[in-house]
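Understanding the architecture of this molecule
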Amino acid sequence: MSAVKEMPVQQTSERSEGDSMLRTRLLQGLTVITMLAVLFGAYVALFVVGTDATQGEVQRIFYFHVSAFAAAFIGFSVGVVGGALYLWKRHEKWDALALAGIEVGFTLSLINLITGMIWARPIWNTWWTWDPRLTSAAIMCLTYAAYLMLRNGIENRELRRRFASIYGILAMSTVIFTLIIIRIRPDTIHPVVIEPQIATQGAATDAEGSFTMSVTISQTLGINSFIWSVFLPLTLIWWRVRLQNAAEHVEQLKAKLLEQ
Amino acid sequence: MNKTPFWRTTWAIMSKDLRAELRSRELVGAMLLFTLLAIMIFSFALELDRLTREEVVSGVLWVTVVFASILGLNRSMAMEREQGNMDAMLLAPIDRSAIFAGKMAGNFIFTLVVGVLLLPLTTVLYNVPVARPMLALVLLLGIWGFSTVGTLLAAMTVQTRARETLLPIVMLPVVLPLLLAAVRASNGIIADAPSEQWQAWPQVLLVIDVIYLVMCLLMFPFVVEE
C-alpha cells in the first residue's frame, strides 16, 4: 500500500477573482430561488390543495415524503455519475461531486424515512413496521452510512476516492431495489403512490393499500416532487462541493505550513 | 509482453487457493464450525417448535450462509495481503479481472461446500427436509452472488484501517436483493408450493448474479491498481 504516494494536489483555485465572485452570486441567487420554490410548494401542499377524504390532514405529508425520496434518488444518481467519472478521468472534483451527491441524498432519505414514520403513526397505528418497503428503505440509508464509514476508514486519499467511487456505484443497487420492491413483493402495505396512469385506471392495482389520487393531489405532488428533485439537490450539492473545495484548500495550506 | 490467457490465469489462481485449503484446511473448517454454531444458536434463540421451524428454516439457512461467506472472504483476502501474494499477482503479466475471477471462484467453491454440507445438517437438526436438488440450485445461485460482490468488497476492505469489521457493514446491504430472492425461492421450495409460485425467484437471482458479475469484473481492476 505504501507504494502509492500521496498525489500532488492540483491547484484548482486559479480562477480569476471576478469569475469566482460571479459563481458565488449565481449560487446565492439559486439558493434564494430554491428557498422560495420550496416554500411555494409547501404553501400549495398545506393550504391550497384539499384535504384527503379518507386520511385527513396527515395525508399532506405525502407531498414532502415522496418529494424527499425523489430528491434523494437524484442525489444518489449524482453519486453514481460522479463516481464513474472519477474512475474514468481521475480528477478529484468528480469525487467531491459524488460525495456531495451522496451526502445530500443520505440526508434527504433520512427526511423521507422520518416523514414516513410520522405518517405511519396515525394511519398504521405504529411508527415502524418491518414491511419489505420500509426495511429496504432503511437498508438503503444504512448502505450510504456504510459508504461514509468506508471513506473514513481509509487514510490514503487516492485510495479513499477510488474505493468510495466503486462503492457509490454498487450502492445504487439498493436504491433501485427500494424503488422496485413494492412491485415485486405483493405483501407490502406501503402504498404505490407513483404509478403509470394506465395501471391506476386498470381494474386492480396489485399492491395492497394503494389508492387513487384526485387530480389536484397528484398535481400538487408533481409540483413538489419537481421542486425538490431539481432545485434542492442542485443547490445543496453545489454548496457541499464548495465546502469540500474549501476543506481541501485548508488541508493544502496546513501541509504547506508544516513543510516550512 | 504476452499476457497469460484469462482462463488459464483464473484456473491457476483458483487451484492455488484450493490446494492451499486442502493442505491447511483452516478456512472451510472454521466456516463449517461457525455454521454449526450459528444453527444451534438460532435454535436456542428462537425457541423453535416444529411449525415455526418450517417457517423460519430458510431464513436461518441464508443468514448462516451469508455470515459464513463473510468469514471466508475476509480470511482469503487477508491471506493474499499478508503473504505478499497480491503484489506478486499484480506484477505478473495477467489480466486484473482474471485475478478477480480466480479469487471469486475459490471463495465460491469454499462457500458452496459449506452450504451443501449445511443442507443435510439442517435437515437433521431442524427435522425439516431441506436437502433437495432445487434448493441446492438456489443455494448455488445465491452463493455465486455473495462471492461475486464479497470478493470485490473484501479486496477493498482489506486495504482499510478497520479491515475485518468493515466487510459485513459494506457487504450486507449490497447483497440484500440476492438474499430476498433466495429466501423467497427457498420458502416456496420448502413449503412444497407449486413451482409457478416461486420459479420467478431463481430467475431473478440469476439476473442479479449476472449484473453483479459484470459490474464486479469491470470494477475490480480499479480496486487493485497500484
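Just so you know, these numbers come straight off a predicted model, no measurement behind them. (Residues numbered from 1 in each chain as written. Chains lettered and ligands numbered in written order. Predicted model: local features only at pLDDT ≥ 70, side-chain atom pairs only at ≥ 80, totals over all residues. Heavy atoms only, no water.)

Quick notes on the overall build of chain B
This is how it is decided: Here a strand is any run of E in DSSP of at least two residues, a helix any run of H or I of at least four, and the numbering for each starts at the N terminus. We call two residues in contact when some of their heavy atoms are within 4.5 Å. Each accessible area value is a Shrake-Rupley result obtained with a 1.4 Å probe; residue values ignore everything except the protein chains displayed when judging cover. Counted charges follow a simple rule, with Lys and Arg positive, Asp and Glu negative, and His plus the chain ends left uncounted. By convention, charge coordinates are those of NZ in Lys, CZ in Arg, CG in Asp, or CD in Glu.
Looking only at helices and strands, chain B features nine helices and zero strands. Each of the three principal axes of chain B carries a C-alpha extent, and together these read 60 × 35 × 30 Å. For chain B, the share of sequence-separated contacts (at least 6 apart) that also reach a separation of at least 24 residues comes to 82%. Of the accessible surface of chain B, which amounts to about 10200 Å², a share of 67% is contributed by carbon and sulfur atoms. On chain B, the mean spot of the 16 positive side-chain charges and the mean spot of the 17 negative ones are 7 Å from each other.

Some words on the overall build of chain A
Quick reminder of the rule: For every residue, the accessible area (1.4 Å probe, protein chains only) is compared with the maximum for its type, and the residue is labelled buried under 20%, exposed over 50%, or partly exposed between those bounds.
For chain A, the count of helices and strands is seven helices and zero strands. Walking chain A from its N terminus toward its C terminus, one meets helices and strands in the order α-α-α-α-α-α-α. Taken across its 260 residues, chain A has 46% of its residues classed as buried. In chain A, 75% of the contacts between residues at least 6 apart in sequence involve partners at least 24 apart. For chain A, the accessible area works out to roughly 13500 Å², and carbon and sulfur atoms hold 67% of it.

Remarks on helix 9 (residues 200-224) of chain B
What counts, and what does not: A helix is expected to span 1.5 Å multiplied by its residue count minus one. Given a residue, its bend is the angle between the two axes fitted to the seven residues that end at it and to the seven that start from it.
The end-to-end C-alpha distance of helix 9 of chain B is 36 Å, a good match for the 36 Å that 25 residues give at a rise of 1.5 Å each. Its maximal kink placed at Leu218(B), helix 9 of chain B deviates by approximately 35°, while the proline Pro221(B) follows within four residues. Among the residues making up helix 9 of chain B, those that are buried are Trp201(B), Pro202(B), Leu205(B), Ile208(B), Asp209(B), Tyr212(B), Cys216(B), Met219(B), Phe220(B), Val223(B) and Val224(B). The secondary structure elements touched by the buried residues of helix 9 of chain B are helix 5 (157-184) of chain A together with helix 4 (85-91), helix 5 (96-126), helix 6 (133-157), helix 7 (166-190) and helix 8 (195-198) of chain B.

Comments concerning unusual backbone geometry
All names here are of chain B. Of note, Arg25 is a non-glycine position whose phi angle comes to about 55°, a positive value. By the secondary structure assignment, Arg25 is in the loop between helix 1 (6-24) and helix 2 (27-46). Taking relative accessible area as the criterion, Arg25 reaches 59% and is therefore assigned exposed.

A short note on the packing of aromatic side chains
Selection rule: Here is the rule: rings of Phe, Tyr and Trp (six-membered ring for Trp) pair when centre to centre is within 6.5 Å. Planes less than 30 degrees apart are stacked, more than 60 are edge-to-face, and the remainder are tilted. Throughout this description, the term charge over a ring refers to an Arg CZ or Lys NZ atom that lies within 6 Å of the ring centre and within 35 degrees of the ring normal.
Tallying each qualifying case throughout the model produces 10 aromatic pairs over all chains. A centroid spacing of 5.2 Å and a plane angle of 85° characterise the contact between Phe6(B) and Trp7(B), whose relative ring orientation is edge-to-face. Under the relative-accessibility criterion, Phe6(B) is labelled partly exposed at 24%. Residues Phe100(B) and Phe220(B) carry aromatic rings whose centres are separated by 5.2 Å and whose planes lie at 45° to one another, so their mutual orientation is tilted. One end of the pair, Phe100(B), is in helix 5; the other, Phe220(B), is in helix 9, with 120 residues separating them in the sequence. Owing to a relative accessible area of 0%, Phe100(B) belongs among the buried residues under this scheme. Residue classification places Phe220(B) among the buried residues on the basis of a relative accessible area of 0%. Geometry around Trp88(A) places Lys89(A) over its ring, the cationic atom sitting 4.2 Å from the centre.

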